[in-house]
Amino acid sequence: MTTDARRPAPPRVAVCGISLEASTFSPALTTAAMLAPRRGREVLDAWDFWGEGGALTDRAEWIGILQARSIAGGAIPADDYATLKAEILAGLVATVAEAPLDGLVLDVHGAASVVGLDDMEGHLAVAVRAVVGADCLISTGMDLHGNVSRTLAETVDLLTTYRTAPHVDWQETKERAARNLLERLALPPGARRPAKAWVPLPILLPGEMTSTRQEPASSLYARVPRIESLDGVLDAGIWIGYPWADEPRNGAVVMVVGDDAERAMAEATGLAGELWERREEFDFVAPTGTLPQVLRAALAAPTGPYFISDSGDNPTAGGAGDVTWTLAELLASEELAASGKRAIYASIPDAAGALAAAEAGIGADVRLTVGARVDARPAPPLEVSGQVVAVVPTDDNLEVVVRTPAVDVVVTRRRRPYHLESDFTRLGLDPRRADIVVVKIGYLEPELFDMAADWMLALTPGGVDQDLARLGHRRIRRPMFPLDDVSDVDPLADAVLFPGDTAG
């Protein structure tokens, strides 16, 4: 018998999911087409570790089903979700008909919303479980701004999450979810499913108050790998939750997964207790203020670039991206006009405006009406007059720069974030030499953070308003910190231990 004949067959592992961060406070919708589903081999090619020549390529028979992913936005229409879910389930049915699956990687974010449905991730996990069966191990690697409902915690066997915000470890986390699955599949049947301690906490905070760059998140998240290193523990995580959706599941969760059920529960409740005790320490990652306050600080700054976060309409948190309120204030600012300083504004999506500027061409003077096509609640569409100084078409977008007397306005066909220096330089803009750079973002991503001479977070209106009280949550669990008095709350009252194969 040859060596290859004696080698056991690798486990059969399917990969599928729907990944989105969705604000229910935004009028925007995220369609199936916007989620840009990948199918078959394309699903695997999205991640290097199990793609061609990847570190995990040969450790399993990886089977791509369907994975849909989009930049954060509004909720998914019910019919669009039903279509994607049906295709995932049909693909799994066909795969299982060929041979049983040993494992499945459920690639989700944790904060997707579907119109008329609570807990998309839990709903999808239950449907997937019904097809793949009880013996198939399911693993997921999530965003720490996602939510872990009891349904999701109970249905999925292995859960892990990012440990940094900004998320410099997102690829590492996705690979860890796959590695954890492979490690458990190497164990005998009946010993694979670990215990899971799930501790939900009534804390609802924006990511801009929970960055791991600062306390208390930095030391709380530093505890996670130490807990993971303990005997009998496989993984640990803190999901700080997603505040811009109004669903009963939204809030913080601590989980510890491992074969020692007693230790998992003790570590999870201990970490959750410390998180609860330190809840009052959370504060914004940068100085905050109203836009007039922030603009005054930027104008007074001795050196640039001074970055301003237009936080209420951050597209990477779920904002529609086309709120015109801040841009209108900048263009109307007499203080900015009189200062002699210039600002870059990135960006305002408006397909008609971008196309009109592109057709006019570089050097043309244009008068455009842009923005507020999706979210006109804070302010109406805005007239922008100036000279076209850049036209940059790409495969999936069109970006133009309109130079007004004090502001270079980036207008795009489709909304997109501006997180990298190259996002600006390819448009002919030099953010390092700018006086003021206004970006639709929350906390600054690493390149911008390192570039900024100083920065502030403007508490501006929009679908991801940092002032949660202004949003008016009605369906979340109450009481909830910081919206309510929680002095009489037992933070560990709802903790649950799912024993897995360690029962008894």
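Preceding this section is the structure that the text describes.
Here the structure is a predicted model, which is why all the values come from computation and not from measurement.

Calculation criteria
Residues numbered from 1 in each chain as written. Predicted model: local features only at pLDDT ≥ 70, side-chain atom pairs only at ≥ 80, totals over all residues. Heavy atoms only, no water. Salt bridge = Lys/Arg side-chain N within 4 Å of Asp/Glu carboxyl O. Buried < 20%, exposed > 50% of the residue type's maximum accessible area, 1.4 Å probe, protein only. Helix = DSSP H or I, 4+ residues; strand = E, 2+ residues; numbered from the N terminus. Phe/Tyr/Trp six-rings, centres within 6.5 Å; stacked < 30°, edge-to-face > 60°. Lys NZ or Arg CZ within 6 Å of the ring centre and 35° of its normal. Pairing = 2+ DSSP bridges. Contact = heavy atoms within 4.5 Å. Axes fitted to C-alpha atoms, helices over the stretch in contact; angles between N-to-C directions.

The next thing to look at is the pattern of salt bridges. The full count for this structure, using the stated rule, is 34 salt bridges. Put simply, R278 and E281 hold a salt bridge, and the shortest N to O gap is 3.0 Å. Overall, E281 belongs to the partly exposed group, its relative accessible area being 41%. Its salt-bridge partner being D350, residue R373 comes within 2.6 Å of it at the nearest N-O pair. Note that R373 is positioned in the loop between β15 (365-370) and β16 (382-393) and D350 in the loop between β14 (343-349) and α12 (351-360), a separation of 23 residues in sequence. Classification of D350 by relative accessible area gives buried; the value is 2%.

This brings us to the packing of aromatic side chains. Taken as a whole and assessed by the stated rule, the structure comprises six aromatic pairs. Look at W47 and W170: their rings are 5.5 Å apart centre to centre, the planes differ by 65°, and that puts the pair in the edge-to-face class. Residue W47 is found in the loop between α2 (41-45) and β4 (61-69), and its partner W170 is found in helix α6 (residues 170-185); the two are separated by 123 residues along the sequence. For W170, a relative accessible area of 38% corresponds to the partly exposed category. Centroid distance Y418 to F424: 5.8 Å. Interplanar angle 55°. Geometry classified as tilted. Here the two residues Y418 and F424 agree in accessibility, since each one is buried. The ring of Y418 is capped by R416, whose NZ or CZ atom sits 4.5 Å from the centre of that ring.

Moving on: the sheet that holds strand β8 (residues 158-161). In spatial order, the strands read β3-β4-β1-β6-β7-β8; together these six strands make up an open sheet with mixed pairing. Of all the strands in the sheet, just β3 (38-39) and β8 have a single pairing partner and so form its edges. In this structure, strand β6 (residues 103-106) lies alongside strand β7 (residues 137-142), joined through three bridges in parallel fashion. Across the sheet, L104 pairs through a bridge with I138, a residue of β7.

One open sheet holds the nine strands; their spatial order is β12-β20-β13-β19-β14-β18-β17-β16-β15, and the pairing between them is mixed. This sheet does not close on itself; its edge strands, each paired only once, are β12 (288-289) and β15. Bridge count for strand β13 (residues 306-310) against strand β19 (residues 436-439) is four bridges, and the pairing is parallel. Bridge assignment links F307 to a residue of β19, and that residue is V437. Strands in contact with helix α9 (residues 291-300) are β12, β13, β19 and β20 (454-458); relative to β13, the strand with the most contacts, it is inclined by about 165°. α12 rests against β14, β15, β16, β17 (398-403) and β18 (407-412) of the sheet, and its axis sits at about 70° to β17.

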